[in-house]
Structures are given as structure tokens and as C-alpha cells.
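As a plain string of letters, each chain reads:
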Amino acid sequence: MELFRIRKDIPFMKHAIVLNAVSAITFFLAVFFLVTRGLHLSVEFTGGTVMEVAYEQPADLESVRKVIEGLGYVDVPVQNFGTSQDVLLRLPARAGQSSGQQSEAVLTALKAQNPAVQLRRTEFVGPQVGQELVENGLKALGFVILGIMIYLAIRFEWKYAVSAIIANLHDVVIILGFFAFFQWEFSLPVLAAVLAVLGYSVNESVVIFDRIRETFRRQRKKTTVQIIDHAITSTISRTIITHGSTQIMVLSMLLFGGPTLHYFAMALTIGILFGIYSSVFVAAAIAMWLGIKREDLIKPTGKSNPGDPDDPNSGAMV
């Protein structure tokens, strides 16, 4: 399915050096902010108090947030839990204040707003649990990267695996850089969004690599640069349909999903935009600089067939 077809190939690789220089600058700025500012980790990672309260009527989450903010808490997750009457709060740890004192102060403020509110449960999430979540999150990220490398190395060739992983890490680090620079809360949903972006970005790279392989088979007279430009140009319509639809859905979560989904949708939005960019200007360009060629993707069969377009010894031009 195509919305349009571009008859003349766009010379993407002609601007690869300039665009990758911009990518490198953005990447190193993201690393700089991660090192100097760090991530604003949520209570799941740092430890704190989890409270569940119940109302007689469906809870007004915005009013609850205002009460929590009035106590000096910033960016505290407030969300329904199970039903519209149940509300879950995650409070970060405060120096000089115990978990019990925190929950008592919050419950008092909530009762001042609505005397019918009831405390269902309160739990303390210790720093040890937070550290375990950090370690498990990093392990999950490492396994995803390793799996992607193995998959691409088997399906294509090591040059493509290296190119795709660099492009994917480029996307992940830039997302984290945005969260470090603006000090947005980094929570478990955001970590899930980062992992989703990894899979999303590699999918776009695989589509382009597949088209490069197909073009190598069909266009024997073209150079590697021309092959890459043709492959990217021929997938533009598909890219607009796929990523446009996905971005509309993510933007709807960002604009109308409320504070609970805000940072999750923000991470996906940044990841989708940079994922498209990196698949074209980072992954494809690095693969070009690593010296990809037709023989990397189409191996000789050992039998010469003059009519076989996949045979490198064939004189047929397709």
C-alpha cells in the first residue's frame, strides 16, 4: 500500500556526514546531561511510601493531585487502582519523616477535602527494592540489545547488526538525555516505553535493510550509495503510513491521557521521531561506512546459472 510514489531517488547519503554530525552532538549532549544532572527517578527506584485510599464516589484525581502538591510533593503519581473510587499514591521518601508520618499527613489533608475518604493500605518501598528494580531494568535492556544483535547478525550480516545497535542506542540515550535535562520523572512505565522504542526502532531498520538487500539483487549497475538511497526512498510511503498512525495514537495519549500517561507517552513520542531519523541517517549511513556490499547479503550458491539474478557470476542484468 502506497500513499504516493517518488519516481526519483532522494540523495539521503549525500547529507549523511552533516546529519550524523548533528546526531553525534545531540548524543554527547544527552550523555553530558545524564552524567551531570542524572535521572529524576520515581519512588519505584528510590524508595518511598505507597498509599491506597478509597472514596464513596468516583474520585476526582485532579483535586487529589492539588492536595498532594499543597503538601510539597511534586510529580507524585496519582491514579485509579482497580475502580474509579480507589486511588493509588506513590510518595517519595522525605528526610526526617517516617513512612507512617507521611501517610498520616497525606490522609489528614485528604480528609480535610473529603471526610469520607478511607485509607485501604500503606506500604513502604525500601531502597533495597528500588536498587533491585534498577538492576533488573538494566538487565532487561541488556538482554534486548543482545537479542537484537543476534537476530540481525543471523538475518543479515554483522555490519548491519553493528549499525542497527548503534542507531538504537542513539535513540535510547537521547530519550534519557531529554529526561535528564528537563528532570522529568523516570518511572517503570517510562522504562517500558524505552524498551518499546528499542523494538520499534529496530523494526524500521530491518525494513530498510530488507529493501537494501532486495535492491542489491535487482539493481546490479548501481553503486552502494545509490542502492541505499533507492531503498530509503522506496520505503518513504510505508514509513509515513506506519509511523504517522503510531504517532497519532501516542500523541492522543500525550494530550488526553492525563498525568498518569504523560511521561510514558512523552518517551514514546521522542523515541518514534528519533527512531525514524536514526534508521535512515544513522543505521544506513554507518552500514555504508562499514563497507556493505552485495556479497554481504547474497552469498554465492556455488552453481553458475546464467539466468539466476542472485548468482554473482551471472551476466544477467535485472
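About the cut-offs
- Residues numbered from 1 in each chain as written.
- Predicted model: local features only at pLDDT ≥ 70, side-chain atom pairs only at ≥ 80, totals over all residues.
- Heavy atoms only, no water.
- 1 Å grid on protein atoms, 1.4 Å probe; cavity = no way out; pocket = protein on both sides within 12 Å on 5 of 7 lines; lining within 4 Å.
- Points joined across faces, edges and corners; volume = space filled by probe spheres on them.
- Helix = DSSP H or I, 4+ residues; strand = E, 2+ residues; numbered from the N terminus.
- Nonpolar A, V, L, I, M, F, W, Y, C, P; charged D, E, K, R; others polar.
- Axes fitted to C-alpha atoms, helices over the stretch in contact; angles between N-to-C directions.
- Parallel < 35°, antiparallel > 145°, perpendicular 65-115°, else oblique.
- Left-handed = near helix turned anticlockwise from the far one by under 90°.
- Contact = heavy atoms within 4.5 Å.
- Polar contact = N/O pair within 3.5 Å; in protein donor to acceptor, adjacent residues only side chain to side chain.
- pLDDT = per-residue confidence, 0-100.
- Pairing = 2+ DSSP bridges.
- Salt bridge = Lys/Arg side-chain N within 4 Å of Asp/Glu carboxyl O.
- Buried < 20%, exposed > 50% of the residue type's maximum accessible area, 1.4 Å probe, protein only.

The next thing to look at is the layout of surface pockets. For the largest pocket, the calculated volume is near 480 Å³. Lining the largest pocket are 21 residues, and of these V76, P77, E185, P259 and T260 sit closest to its centre. Sorting the residues of the lining of the largest pocket by element identifies α3 (61–70), β3 (78–81), α7 (188–218) and α10 (258–289) as the ones contributing at least two each. Looking at side-chain class alone, the lining of the largest pocket contains eleven nonpolar, four polar and six charged residues. A volume near 250 Å³ is recorded for the second largest pocket. Every residue lining the second largest pocket is listed: L39, L41, F45, V134, G137, L138, L141, V172, L176, F186, L191 and V194. Taken together, the elements giving at least two residues each to the lining of the second largest pocket come down to α5 (127–155), α6 (158–182) and α7. Grouping the constituent residues of the lining of the second largest pocket by class yields eleven nonpolar, one polar and no charged.

Right, let's talk about the packing of α3 against helix α4 (residues 99–113) for a bit. Running from N to C, α3 and α4 cross one another at 130°; their axes reach a closest spacing of 10 Å. The pairing of α3 with α4 is recorded here as oblique in orientation. For the crossing formed where α3 meets α4, the hand is right-handed. Between α3 and α4, the contacting residues are S63, V64, V67 and I68 on the first element and V106, A109, L110 and Q113 on the second.

Along the chain, the position of K159 falls in helix α6. Looking at K159, its side chain comes within polar contact range of the main-chain oxygen of G291, at 3.1 Å.

What follows concerns the confidence of the model for the protein chain. Looking at the protein chain as a whole, its pLDDT mean stands at 84, while 90% of the residues score no less than 70. Mean pLDDT values for the elements of the protein chain range from 72 in helix α11 (residues 294–297) up to 93 in helix α1 (residues 16–36).

We now examine the sheet that holds strand β5 (residues 118–125). Here we have four strands laid out as an open sheet, ordered β3-β4-β2-β5, and antiparallel in their pairing. The open sheet terminates on both sides in strands that have one partner only, identified here as β3 and β5. Ignoring which end each strand starts from, the neighbouring axes of this sheet average 25° apart. Where β3 meets strand β4 (residues 83–92), four bridges bridge the pair, whose relative direction is antiparallel. What sits directly across from V78, in β4, is L89. Along the sheet, α3 contacts β3 and β4; its crossing angle with β3, the most-contacted strand, is approximately 135°.

The next thing to look at is the pattern of salt bridges. Considering all chains together, one arrives at nine salt bridges under this definition. Its salt-bridge partner being R238, residue E204 comes within 2.5 Å of it at the nearest N-O pair. Of the two residues, E204 is situated in helix α7 and R238 in helix α9 (residues 236–256); the sequence distance between them amounts to 34 residues. Judged by relative accessible area, R238 falls into the partly exposed class, the value being 22%. Overlapping salt bridges, with partners in common, bring together E52, R121 and E123 in one network.

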